[in-house]
Amino acid sequence: MNPSVESPKLQVEDLNIRFAAGATSVHAVRGVSFSLSREKLGVVGESGSGKSTVGRTLLKLHPRSARVEARKLSFDGIDLLSASEATMRGIRGRRMSMVMQDPKYSLNPVMRVGEQVAEAFRAHHKGSRAEARERVLAMLEAVRIREPQRVYELYPHEVSGGMGQRIMIAMMLIQKPEIVIADEPTSALDISVRLQVLSVLDDLISERGLGLIFISHDLNLVRHFCDRVLVMYAGRVVESIAAADLQHAQHPYTRGLLDALPSIDSRRRTLPVLQRDPAWLTA
Ligand SMILES: Nc1ncnc2c1ncn2[C@@H]1O[C@H](COP(=O)(O)OP(=O)(O)O)[C@@H](O)[C@H]1O
Ligand SMILES: [Mg+2]
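My aim in this report is to walk through the structure given alongside it, one point at a time. All figures in this text were calculated on a predicted structure; none of them were measured in a lab.

Considering the packing of aromatic side chains
What the rule picks out here adds up to four aromatic pairs. Ring centres of Tyr 233 and Tyr 253 lie 4.6 Å apart, and the angle between their planes is 50°; this geometry places the pair in the tilted category. Pair noted here: Tyr 233 is in strand S10 (residues 228-233) and Tyr 253 is in helix H10 (residues 252-260), with a separation of 20 residues, a long-range link. A network of ring pairs unites the aromatic residues Tyr 233, Tyr 253 and Trp 280 as a single cluster. Sitting above the plane of the Tyr 152 ring, Arg 133 keeps its charged end 4.3 Å from the centroid.

What follows is the structure in structure tokens.
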């Protein structure tokens with residue numbers, strides 16, 4: 001099949017998510033539409049704009065209190081809205097995976113990290129323990145961990161934040177997913193480590209031709225890392241644009257974010273404060 005005519009793996013049309021809160025409800029995600037092929041899609045917006053809620057809903061990991069409605073929510077032709085929990089278990093991890101912000105909360109503290117990656121592999125693949133171990137060591141090498149044999153035996157508290165995040169990436173990619181949802185995967189890391197982890201993720205995504213949804217509050221990071229960017233504001237997508245065209249962004253919120261980015265050659269002493277227009281909430 002010609003990849004250029006492949007239909008998008010993920011299709012989201014008019015997604016609305018409400019959280020019940022007593023007698024009222026919070027309309028957290030408002031009419032969000034996008035599709036994802038083999039590309040890196042950044043989802044940017046300030047805290048509370050609905051990014052994580054969208055990400056979790058794609059895997060149906062949203063809380064029970066959430067009411068999810070959409071004209072279309074499909075993964076590779078599977079209607080996620082009506083998909084059973086059994087169907088979702090076949091998709092989660094195996095075909096569509098999520099990396100979270102902080103490996104500390106995702107890794108089991110009392111199990112060696114290598115065993116955890118092996119367990120992820122064995123959850124979906126038959127084979128011996130020895131074979132799983134070989135696959136894990138290869139995967140640890142693929143995320144550029146030196147001395148994978150030694151690292152395999154470590155416990156989560158014995159690895160640094162950057163190493164922990166590489167292990168999370170290894171754990172997710174060993175299952176060979178088609179789509180990866182990374183929710184602020186490097187926000188807890190120092191800047192230099194962050195760039196190393198991003199470069200690991202970037203290489204693996206490109207090599208394997210995966211689709212990536214990269215959630216971040218950092219427009220500067222996303223514009224350099226992703227092919228396309230969705231800008232969210234108060235639950236809505238206010239801008240959907242190729243990363244390379246961001247300087248031509250139309251929406252005043254996006255323009256405000258761009259103006260607020262510190263630049264080395266800028267002579268401004270203070271960063272401008274973003275002026276919010278109530279009309280953005282209804283536009
Ligand atoms: N479990 C929940 N119950 C109630 N409200 C929630 C829940 N999760 C998220 N929200 C609300 O949904 C909105 C979007 O949150 P979230 O998706 O976490 O934003 P972001 O990831 O962009 O910071 C916020 O107003 C938040 O308070
Ligand atoms: Mg979030």
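A short note on the environment of Ala 123
Note on placement: Ala 123 falls in the loop between helix H4 (113-122) and helix H5 (129-142). Given the relative accessible area of 57%, Ala 123 is considered exposed. As for Ala 123 and Gly 161, which are separated by 38 residues in sequence, their C-alpha atoms are 25 Å apart.

What about the packing of H4 against H5?
In the contact formed by H4 and H5, the axes pass within 9 Å of each other and the chain directions differ by 110°. Here H4 lies roughly perpendicular to H5, going by the angle between them. Judged by the twist between their axes, the crossing of H4 over H5 is right-handed. Where H4 abuts H5, its residues Gly 114, Glu 115, Val 117, Ala 118, Phe 121 and Arg 122 lie against Arg 129, Ala 132, Arg 135 and Val 136. The class makeup of the residues in the contact of H4 with H5 is five nonpolar, one polar and four charged.

Things to note about the pattern of salt bridges
A complete count under the given rule lists 16 salt bridges for this structure. Linking Glu 178 and Lys 9 is a salt bridge whose minimum nitrogen-to-oxygen distance equals 3.2 Å. Residue Glu 178 is found in the loop between helix H7 (161-173) and strand S8 (179-183), and its partner Lys 9 is found in the segment before strand S1 (10-21); the two are separated by 169 residues along the sequence. Owing to a relative accessible area of 23%, Glu 178 belongs among the partly exposed residues under this scheme. Classification of Lys 9 as partly exposed rests on a relative accessible area of 22%. Arg 95 is paired through a salt bridge with Asp 76; the nearest N and O atoms lie 2.6 Å apart. Here Arg 95, found in the loop between helix H2 (85-91) and strand S7 (96-99), pairs with Asp 76, found in the loop between strand S5 (72-75) and strand S6 (78-79); they are 19 residues apart in sequence, far enough to count as distant.

Quick word on the nonpolar core
Within the largest apolar cluster, 57 residues are counted, with the highest numbers of intra-cluster contacts made by Val 143, Ile 167, Ile 169, Leu 173, Val 180, Phe 214 and Val 229. Per-element tally for this core: the top contributor is H7, with seven residues. For this core, the domains that each give at least three residues are domain 1 (6-95 + 179-186 + 210-249 + 277-283) and domain 2 (96-174). Residue contacts for Ile 167: discarding those within four places in its chain leaves Leu 107, Val 113, Val 117, Leu 140, Ile 145, Val 151 and Val 159. In this structure, Leu 15, Val 29, Ile 179 and Leu 230 belong to the second largest nonpolar core, which totals 30 residues.

The rules we used
- Residues numbered from 1 in each chain as written.
- Chains lettered and ligands numbered in written order.
- Predicted model: local features only at pLDDT ≥ 70, side-chain atom pairs only at ≥ 80, totals over all residues.
- Heavy atoms only, no water.
- Phe/Tyr/Trp six-rings, centres within 6.5 Å; stacked < 30°, edge-to-face > 60°.
- Helix = DSSP H or I, 4+ residues; strand = E, 2+ residues; numbered from the N terminus.
- Lys NZ or Arg CZ within 6 Å of the ring centre and 35° of its normal.
- Buried < 20%, exposed > 50% of the residue type's maximum accessible area, 1.4 Å probe, protein only.
- Axes fitted to C-alpha atoms, helices over the stretch in contact; angles between N-to-C directions.
- Parallel < 35°, antiparallel > 145°, perpendicular 65-115°, else oblique.
- Left-handed = near helix turned anticlockwise from the far one by under 90°.
- Contact = heavy atoms within 4.5 Å.
- Nonpolar A, V, L, I, M, F, W, Y, C, P; charged D, E, K, R; others polar.
- Salt bridge = Lys/Arg side-chain N within 4 Å of Asp/Glu carboxyl O.
- Core = buried A, V, L, I, M, F, W, Y, C linked by side-chain atoms within 4.5 Å.
- Domains from an automatic or database assignment.

So, to be careful, I would describe these as geometric facts and stop short of saying anything about function.
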